[in-house]
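Chain residues, written in single-letter form:
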Amino acid sequence: MYINSSLKKYLNDLAAKLPAPGGGSAAALTASLGAALISMVANFTVGKPRYAKYEKEIKEILEKSEKLRGEFSNLIDLDVEAYKSKNVRDALDVSFMVARLCFEGIRLCPSLIKKGNINLISDVAVAAILLESAFASAYFNVEINLKSLADKKLAKAIRKELVQKEKTIKRIRLQTEEKVGKIIRG
């Protein structure tokens, strides 16, 4: 649907008076941008003699970030489909998955600060910011859908998981910004 369309079409539809795409797919798109930046940093690190001792780890990060980017990209369209079907559980599942995957993605950033190509260090910070933003956006979509969920025990478990992940994500983003800021400013 959108993943194979132009960005212009997606943004025009997002801005239009249409039921979808909306905040859920925008969260997935934002997350895919964060994952893509992690991949870019890894791609500019792999094969550089200066980073040879980290080659194996950077290749693993690249593999993970590319997998995440693909999953986020799929979730852009899955969110639109879930919203159009008016199935609250599907919409909840998509947003919850975006949030969980953002947690996995942001955890790749700290290693890149130390082991990634120094010339792209600011992109590591941008990736962390985008992933935190996407997580927060997905979290809001989860919350609104939890209101309609009949299974209150499941709703409580989902909220508990997201509260815990939110603390870690905020900590990683803040530490990433601080470390990158110190490196950039010298």
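Residues numbered from 1 in each chain as written. Predicted model: local features only at pLDDT ≥ 70, side-chain atom pairs only at ≥ 80, totals over all residues. Heavy atoms only, no water.

## What to know about the overall build of the protein
Here's step 1: Across its full length, the protein carries 7 helices and 0 strands.
Here's step 2: Scanning the protein from its N terminus toward the C terminus, one meets helices and strands in the order α-α-α-α-α-α-α.
Here's step 3: Whereas a compact globule of 186 residues would reach a radius of gyration of roughly 16 Å, the protein reaches 17 Å, a difference of no more than 12%.
Here's step 4: Dimensions of the protein, computed from C-alpha atoms along their principal axes, come out at roughly 55 × 40 × 30 Å.
Here's step 5: Taken across its 186 residues, the protein has 45% of its residues classed as buried.
Here's step 6: The contacts of the protein with a sequence gap of at least 6 include a subset with a gap of at least 24, amounting to 76%.
Here's step 7: On the protein, roughly 10,200 Å² of surface is accessible, and the fraction owed to carbon and sulfur atoms is 56%. (Helix = DSSP H or I, 4+ residues; strand = E, 2+ residues; numbered from the N terminus. Rg over C-alpha atoms; globule rule 2.2 N^0.38 Å. Buried < 20%, exposed > 50% of the residue type's maximum accessible area, 1.4 Å probe, protein only. Contact = heavy atoms within 4.5 Å. Areas by Shrake-Rupley, 256 points an atom, 1.4 Å probe, with all protein chains shown as cover.)

## A word on the packing of aromatic side chains
Here's step 1: Within the structure shown, the criterion is met by 2 aromatic pairs.
Here's step 2: Taking the centre distance of 5.3 Å and the plane angle of 85° together, the rings of Tyr2 and Tyr10 count as edge-to-face. Across the pair, exposure class does not vary: Tyr2 and Tyr10 are buried alike.
Here's step 3: Cation over ring: Lys165 sits above Phe103, and NZ or CZ is 4.6 Å from the ring centre. (Phe/Tyr/Trp six-rings, centres within 6.5 Å; stacked < 30°, edge-to-face > 60°. Lys NZ or Arg CZ within 6 Å of the ring centre and 35° of its normal.)

## As for the pattern of salt bridges
Here's step 1: On inspection of all chains with the given rule, the structure shows 13 salt bridges.
Here's step 2: The partner of Asp93 in a salt bridge is Arg89, with the nearest N and O atoms 3.0 Å apart. Within this pair, Asp93 and its partner Arg89 are both found in helix α4 (residues 88–106), separated by 4 residues, close to a single helical turn.
Here's step 3: With a relative accessible area of 34%, Asp93 lands in the partly exposed category.
Here's step 4: Note that Glu177 is salt-bridged to Arg173, the shortest N-O span being 3.3 Å. Of the two residues, Glu177 and Arg173 are both situated in helix α7 (residues 152–185); the distance of 4 residues between them amounts to about one turn of the helix.
Here's step 5: For Glu177, a relative accessible area of 34% corresponds to the partly exposed category. (Salt bridge = Lys/Arg side-chain N within 4 Å of Asp/Glu carboxyl O.)

## Some points on the nonpolar core
Here's step 1: Counting residues in hydrophobic clusters, the biggest one holds 55 residues, and the most contacted among them are Ile38, Phe72, Val98, Cys102 and Leu162.
Here's step 2: Mapped by element, the contributors of at least two residues to this core are α2 (23–43), α3 (55–85), α4, α5 (109–115), α6 (121–146) and α7.
Here's step 3: Among residues more than four places away in sequence, those in contact with Val98 are Ala27, Ala28, Phe72, Leu75, Ala134 and Ala138. (Core = buried A, V, L, I, M, F, W, Y, C linked by side-chain atoms within 4.5 Å.)

## A few points about the confidence of the model for the protein
Here's step 1: Confidence in the prediction of the protein, expressed as mean pLDDT, is 96, and 100% of residues score 70 or more.
Here's step 2: Here α4 stands out as the element of the protein with the lowest mean pLDDT, 93, in contrast to α2, whose mean of 98 is the highest. (pLDDT = per-residue confidence, 0-100.)

## Things to note about the packing of helix α1 (residues 7–15) against α2
To describe two helices that pack against each other, one gives the angle between their axes and the distance between the axes.
Here's step 1: Between α1 and α2, whose axes approach to 11 Å, the crossing angle comes to 145°. When the axes of α1 and α2 are compared, the crossing they make is left-handed. Residues Leu7, Tyr10 and Leu14 of α1 form the contact with α2, whose own contacting residues are Ser25, Ala26 and Leu29.
Here's step 2: Considered class by class, the residues forming the contact of α1 with α2 number 5 nonpolar, 1 polar and no charged. (Axes fitted to C-alpha atoms, helices over the stretch in contact; angles between N-to-C directions. Left-handed = near helix turned anticlockwise from the far one by under 90°. Nonpolar A, V, L, I, M, F, W, Y, C, P; charged D, E, K, R; others polar.)

## Let's talk about unusual backbone geometry
Here's step 1: The step from Ala20 to Pro21 runs through a cis peptide bond, and the omega angle for that step is 10°.
Here's step 2: Counting through the fold element by element, Pro21 comes out in the loop between α1 and α2.

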